[in-house]
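Structural overview
Take a look at the letters that make up each chain.
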Amino acid sequence: GDERCIGEGQMVSKWPCRSGVLIEGDRLYTTAGMWSSDGVVIYCLHADTGEVLWKNDTTGNRWMLLPHGSGYGGLAPQGYLALYKDTLYVAAGRSAPAILDAATGKLLFHEIGLGYKAHYPGGSWLMAAHDWVMFKRQHNYKDTDVENAEYQIGGNAEGIILYNFRTGVPEIATIGGRVLGVAIEDDLILVGKDSAIRINADELRVAYANHKKGRAIKGGPKYYDPTPLAKWDTDIGRTYTLLIAGDTVIAGGKETITLLDVNTGKVLCRKQVDGDVRGLSASDGRFIASTTSGRFYCFGDGESDSASVVSHGTVMPPDKSRDASK
């Protein structure tokens with residue numbers, strides 16, 4: 001459609017792609033749409049030709065569970081896409097992600113009120129592994145001046161929530177201030193407010209089941225802090241993004257990049273950068289970090305701090321403002 005609305009101080013389409021794209025083999029997954037009531041489309045395209053293999057345009061207006069009852073609502077894509085065991089996940093901002101069959105586009109789960117008041121699920125980050133889809137548990141209603149300040153993790157009360165990867169049934173809710181992670185072998189590495197830990201997925205299942213039994217008998221919190229399960233526990237400070245490359249954990253933090261040994265948690269290297277690291281990518285023995293200062297850094301073999309600096313001059317766009325006299 002040609003309709004526009006004001007977004008971030010400029011006119012934008014009412015059907016932006018706020019999910020990016022995900023490519024697996026010859027398939028490309030992406031979305032279009034912002035407000036569910038205006039229409040949202042989830043696409044699977046042929047990655048070479050752009051042919052539409054399937055599209056789902058029915059997720060935007062459904063009778064569903066809402067935080068305080070039931071009503072019409074729908075998926076509003078915002079954040080990363082993920083693919084796991086023929087299952088596609090669409091992050092939905094503050095609410096739980098939608099789960100779709102990747103082969104057909106059929107919606108398998110999306111109930112934004114399920115466990116809402118208990119778990120506060122949501123966020124643009126998500127990950128699927130060990131038969132779970134995982135995303136943040138955080139204080140959705142905490143006042144934050146997001147234009148001039150970043151969201152602060154609220155102590156140890158926040159964590160992640162783990163749903164069954166196919167059905168969307170909530171299985172585990174954690175605390176400890178660790179709100180994102182990566183999966184490796186049978187384990188998870190979790191980070192967030194302060195320290196990074198490595199835990200075993202099956203041990204987490206058993207520990208949480210025992211925690212639920214104890215809560216049923218004695219009462220107490222429904223959340224579980226997995227810190228006692230840690231194979232290693234390394235303080236790296238606030239972490240915004242995480243990546244595993246070979247035997248190295250790369251953590252993007254507040255004006256820092258930290259490299260850890262994936263097996264021992266030992267700090268291998270710590271670099272200062274300009275800005276907070278919000279993006280990481282690795283290939284061919286190098287990794288690239290992007291920061292909130294607008295800079296990109298490329299790291300690899302070579303002498304320490306021997307990098308070349310590439311700068312570009314500023315080119316202002318032409319003034320296309322409307323002539324008031326006309």
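Presented here is a report on the structure given in the accompanying data block. The shown structure was predicted, so the numbers you read here are calculated from the model rather than taken from an experiment.

Each value, and the rule that gives it
Residues numbered from 1 in each chain as written. Predicted model: local features only at pLDDT ≥ 70, side-chain atom pairs only at ≥ 80, totals over all residues. Heavy atoms only, no water. Helix = DSSP H or I, 4+ residues; strand = E, 2+ residues; numbered from the N terminus. Rg over C-alpha atoms; globule rule 2.2 N^0.38 Å. Buried < 20%, exposed > 50% of the residue type's maximum accessible area, 1.4 Å probe, protein only. Contact = heavy atoms within 4.5 Å. Areas by Shrake-Rupley, 256 points an atom, 1.4 Å probe, with all protein chains shown as cover. Pairing = 2+ DSSP bridges. Axes fitted to C-alpha atoms, helices over the stretch in contact; angles between N-to-C directions.

Turning next to the overall build of the protein. Counting its secondary structure elements, the protein contains two helices and 27 strands. By the compact-globule yardstick of 20 Å for 326 residues, the protein fits well, its C-alpha radius of gyration being 21 Å. In terms of its C-alpha atoms, the protein occupies a principal-axis envelope of roughly 70 × 60 × 40 Å. Looking at the protein as a whole, 44% of its 326 residues are labelled buried. By sequence separation, contacts in the protein at least 24 residues apart represent 45% of the contacts at least 6 residues apart. When the accessible surface of the protein is summed, it comes to about 17900 Å², and 50% of that surface belongs to carbon and sulfur atoms.

Here strand β23 (residues 256–261) pairs with strand β24 (residues 267–272) via five bridges, running antiparallel. The residue of β24 that forms the bridge with Thr 258 is Arg 270. Between β23 and β24, which follow one another and run antiparallel, lie five residues, and Gly 265 among them has a positive phi close to 80 degrees.

Once that is clear, we can look at the sheet that holds strand β12 (residues 107–109). Spatial strand order, β9-β10-β11-β12: four strands in an open sheet with antiparallel pairing. Edge strands, defined here as strands with exactly one partner in the open sheet, are β9 (81–84) and β12. Taking the axes of each pair of neighbouring strands and ignoring which way they run, one obtains an average angle of 30 degrees across the sheet.

Turning to the pairing of strand β7 (residues 62–66), a few remarks are in order. Strand residues, when the strand is regular, have side chains that alternate between the two faces of the sheet. In the sheet, β7 pairs with strand β8 (residues 69–73) via five bridges, with the strands oriented antiparallel. Within β8, the position partnered with Leu 66 by the bridge is Gly 69. Where β7 folds back on β8, the antiparallel hairpin that results is connected by two residues.

Bear in mind that shape data such as this cannot, by itself, settle questions of function.
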